Structure formats: C-alpha cells, structure tokens
Amino acid sequence: MTQPEGIFNRLANPTRFMSIAGAVLPWLIAVTVILFATGLYLTFFVAPPDYQQGQTVKIMFIHVPSAWLAMMGYSLIAVSSIGSLIWRHPLADVSAKAAAPIGAVFTFLALVTGSLWGKPMWGTFWVWDARLTSVLVLLFLYLGLIALWQSIEDASRAGRAAAILALVGFVNVPIIKFSVDWWNTLHQPASVARMDGPAIHSSILTPLMVMAAAFTCLFFVLHLKAMTTEILRRRVEALRMTQVARAAAE
Amino acid sequence: MIDLGDHAAFIIGAYAAVTVGLAGLIAWIIADARQQARMLAELEAQGITRRSARGDQASGAKGSAK
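Residues numbered from 1 in each chain as written. Chains lettered and ligands numbered in written order. Predicted model: local features only at pLDDT ≥ 70, side-chain atom pairs only at ≥ 80, totals over all residues. Heavy atoms only, no water.

Turning our attention to the overall build of chain B. The number of helices and strands found in chain B is two helices and zero strands. Looking at chain B as a whole, 29% of its 66 residues qualify as buried. Here chain B has roughly 4300 Å² of accessible surface; of this, 58% comes from carbon and sulfur atoms. (Helix = DSSP H or I, 4+ residues; strand = E, 2+ residues; numbered from the N terminus. Buried < 20%, exposed > 50% of the residue type's maximum accessible area, 1.4 Å probe, protein only. Areas by Shrake-Rupley, 256 points an atom, 1.4 Å probe, with all protein chains shown as cover.)

Have a look at this one:
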C-alpha cells in the first residue's frame, strides 16, 4: 500500500522533521507558558466557588485536562500504530514510543487528582466504578506498552508488537468515555462534551478550557521533544553498530 | 491570601502532585535529550558518522530513522 501524500510523506524524513520541530518548539513553549499563566490566574483569582463543590472545584481545572490528555495520548498512539502497521511511516513508531510515557504520566495525574477530589466530595479516595476502573486499565496499558518497548531490542519488532497491543487496547478509550452512560457510576456524567453542549457556567468553563489548552500544548511540546530524542537514540544505536563492525573488521 | 475553603489541603495536594509530576516528566525528557545528544557527539568525534552525513550533503539529507 502506498504512503499517503502530503504533509505526512514530507515529514517521513527524520532530518527534515527535526528541523521543523526545532523551529516550532520555541513558539509552542511560549504559547504553553502564556496559557498556563492565564489559566492559573483565572483558576485562583477569577473562577468562583461551585455552589455544590465549593473551592474544591479548582481541582477540576487540573483533573479534567489530565484525563482528556490521558485519552488523547492513547488515541495518538493508536493512530501512530495504524501509520506504522499499514503505511510503515518511518516516524510512526517513533511517535507512538515517544507518547507512551507522557500519556502514562497524565493518566496517573488524572487518577491522583481525581482521588484527592473524591475524598472530600464522595468521602472516599477510590471506588471500583466503571470510569475509575477503566482509567486504571488505561494506565496499565500505557505501562504495558512501555515495558514492551523496553523488552524487545530490535526497534522494528518492538514497534510492530507495541502497535498491535496499542490497537487492541484502544477499545478501552470509548469504554472510558461512555462508561458513565452505560453503567451506574459514582463518577458524574459528561459536563462539557455533550450533545446538548456544555452544562457548565462560563465562569467555570472558561478557566477549564484555558487550562485544557495549556495542558494540550504542553503535551505536544513534550511529544515533539521526545520524538527528536528518539530519532537521536536510533542514530546513536546505528553508529554504535557501525563502531562494533569496524572494531570487528580490524 | 486566597481562601481555599475547608478542603484546602486536598486542593493544594492536587496542585502539588501535578506540579511534581509534570516537573519530573519535563526534567526526564530534557535529561534524556541531552544524554542522547552527548552520546551522538562523542561518536561523531571518534569519526563514526552516518552514511548520509558523510556523502550526501550536496543532494540533501536522505537519512533513515536509524
């Protein structure tokens, strides 16, 4: 099957990709810093207390973006895995491998911040309801992918195995999303991504969306940096093999 | 001083966890990048370079991910 034309084909050259990433990163970092500064100001100095949660609603401004990015990160890995298995795009498994630790951290932070919100609100740090359990499964999937990458020395074989695991595990993402609709859960239903539109007042929704944008930009800053590092790692590995071959020939 | 209410400890704990988590992630990614760049520089200083770096500068880099 031929590779898709256009931007993905042009980015298949790792050297060109690194050049573009190097040009984009400083601007993306600046945007991230501005968004975090704005979001934190809105969170602590503008957003009012919630009529039910009180000031504990402020945890939502970090919990919800973390959870969104946990799912977005895995979706990115799944799309990269398709690119790797079907189109054999040279940078697809680089993208997947780079995204896994980042997504795992956001998933962990979603669980921790959710627990710290749950104790004062629900009276417990944890319940085995569908939403919490499926997010915990997501964390295990991330850790499994990282372990798989580490356990197979050959990058191509590791990439294929990880891509298959990632695609099988992607079934968990819609389960997470719709768990609050399909089962009776303690976790509340969706308040933002709803067919009827957000059910949150703008005084809370605006800081939430700014923080979500900040978290998203941070994700892509870290992802781009991790991808360029992975390309360097593979170059180091290739040069080491050259070094060993030369030593053996002498 | 912002009044964070009766559950201030949980709010502060959540923001502290996110700060530590993201700071650790950022530090790890930067450290990994620097380590790989250093190792690449050491290998190239020993005269071990990629085929594309050695011979194809005139026609533009056409290297692989390796």
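With 74% of its residues at a pLDDT of at least 70, chain B reaches an overall mean of 82. Counting interchain partners and residues more than four positions distant, the pLDDT-below-50 stretch residues 56-66 of chain B has 19 contacts. (pLDDT = per-residue confidence, 0-100. Contact = heavy atoms within 4.5 Å.)

With 44 residues of chain A at the contact, the number on the chain B side is 38 residues. Buried area between chain A and chain B, summed over both chains or domains, comes out near 3600 Å², and the portion from carbon and sulfur atoms is 77%. Counting the surface chain A buries against chain B, the share from its top three residues, Phe44(A), Arg235(A) and Leu239(A), is 16%. Counting the contacts that link chain A with chain B gives one salt bridge. (Buried area = accessible area lost by both parts, 1.4 Å probe. Salt bridge = Lys/Arg side-chain N within 4 Å of Asp/Glu carboxyl O.)

Below, the discussion takes up a nonpolar patch on the surface. A cluster of nonpolar side chains, namely Tyr41(A), Phe45(A), Val46(A) and Ile2(B), defines an oily patch on the protein surface of about 400 Å² accessible area. Its place among the elements puts Tyr41(A) in helix α2 (residues 14-46). (Patch = residues over 30% accessible without salt bridge, like charges linked within 9 Å, V, L, I, M, F, W, Y side chains within 5 Å.)

Next up on the list: helix α1 (residues 8-45) of chain B. Helix length check: α1(B), at 38 residues, gives a terminal C-alpha distance of 55 Å against a target of 56 Å (1.5 Å per residue), a fit within 8%. Gly47(B), located one to two residues past α1(B), shows a positive phi value of around 85°. (Expected span 1.5 Å × (residues − 1).)

Quick look at the nonpolar core now. Within the largest apolar cluster, 69 residues are counted, with the highest numbers of intra-cluster contacts made by Tyr74(A), Ile77(A), Ile102(A), Phe106(A) and Phe215(A). Among the elements that take part in this core, helix α8 (residues 202-249) of chain A stands out by supplying 15 residues, more than any other. Not counting residues within four places of it along the chain, the set of residues in contact with Phe215(A) comprises Phe36(A), Phe61(A), Ile62(A), Pro65(A), Ser66(A), Leu69(A), Phe106(A), Val18(B) and Leu22(B). Ranked by size, the runner-up nonpolar core spans seven residues in total, among them Val236(A), Leu239(A), Leu40(B) and Ile48(B). (Core = buried A, V, L, I, M, F, W, Y, C linked by side-chain atoms within 4.5 Å.)

Moving on, we come to the environment of Phe178(A). Structurally, the position occupied by Phe178(A) is in helix α7 (residues 172-182). Judged by its relative accessible area of 35%, Phe178(A) is partly exposed.

Our next topic: the pattern of salt bridges. For the structure on display, the rule yields five salt bridges over all chains. As a salt-bridge pair, Arg234(A) and Asp93(A) come within 3.5 Å of each other at their nearest N and O atoms. With Arg234(A) in helix α8 and Asp93(A) in helix α4 (residues 92-122), the pair connects residues that are 141 residues apart, well separated along the chain. Taking the relative accessible area as the measure of exposure, Arg234(A) reaches 12% and is therefore buried. One salt bridge connects Asp32(B) with Arg233(A), and the closest N-O pair in it is separated by 2.7 Å.

In total, this model carries ten aromatic pairs over all chains according to the counting rule given. Geometrically, the ring pair formed by Phe125(A) and Phe10(B) is tilted, given 6.5 Å between the ring centres and 45° between the ring planes. Placement of the pair is Phe125(A) in the loop between α4 and α5 (130-151) and Phe10(B) in helix α1, with the two residues belonging to separate chains. Ring centres of Phe219(A) and Phe220(A) lie 5.5 Å apart, and the angle between their planes is 80°; this geometry places the pair in the edge-to-face category. Residue classification places Phe219(A) among the buried residues on the basis of a relative accessible area of 0%. Given a relative accessible area of 33%, Phe220(A) falls into the partly exposed group. In textbook terms, an aromatic cluster arises when at least three aromatic residues are bridged by ring pairs, as seen for Phe36(A), Phe106(A), Phe215(A), Phe219(A) and Phe220(A). (Phe/Tyr/Trp six-rings, centres within 6.5 Å; stacked < 30°, edge-to-face > 60°.)

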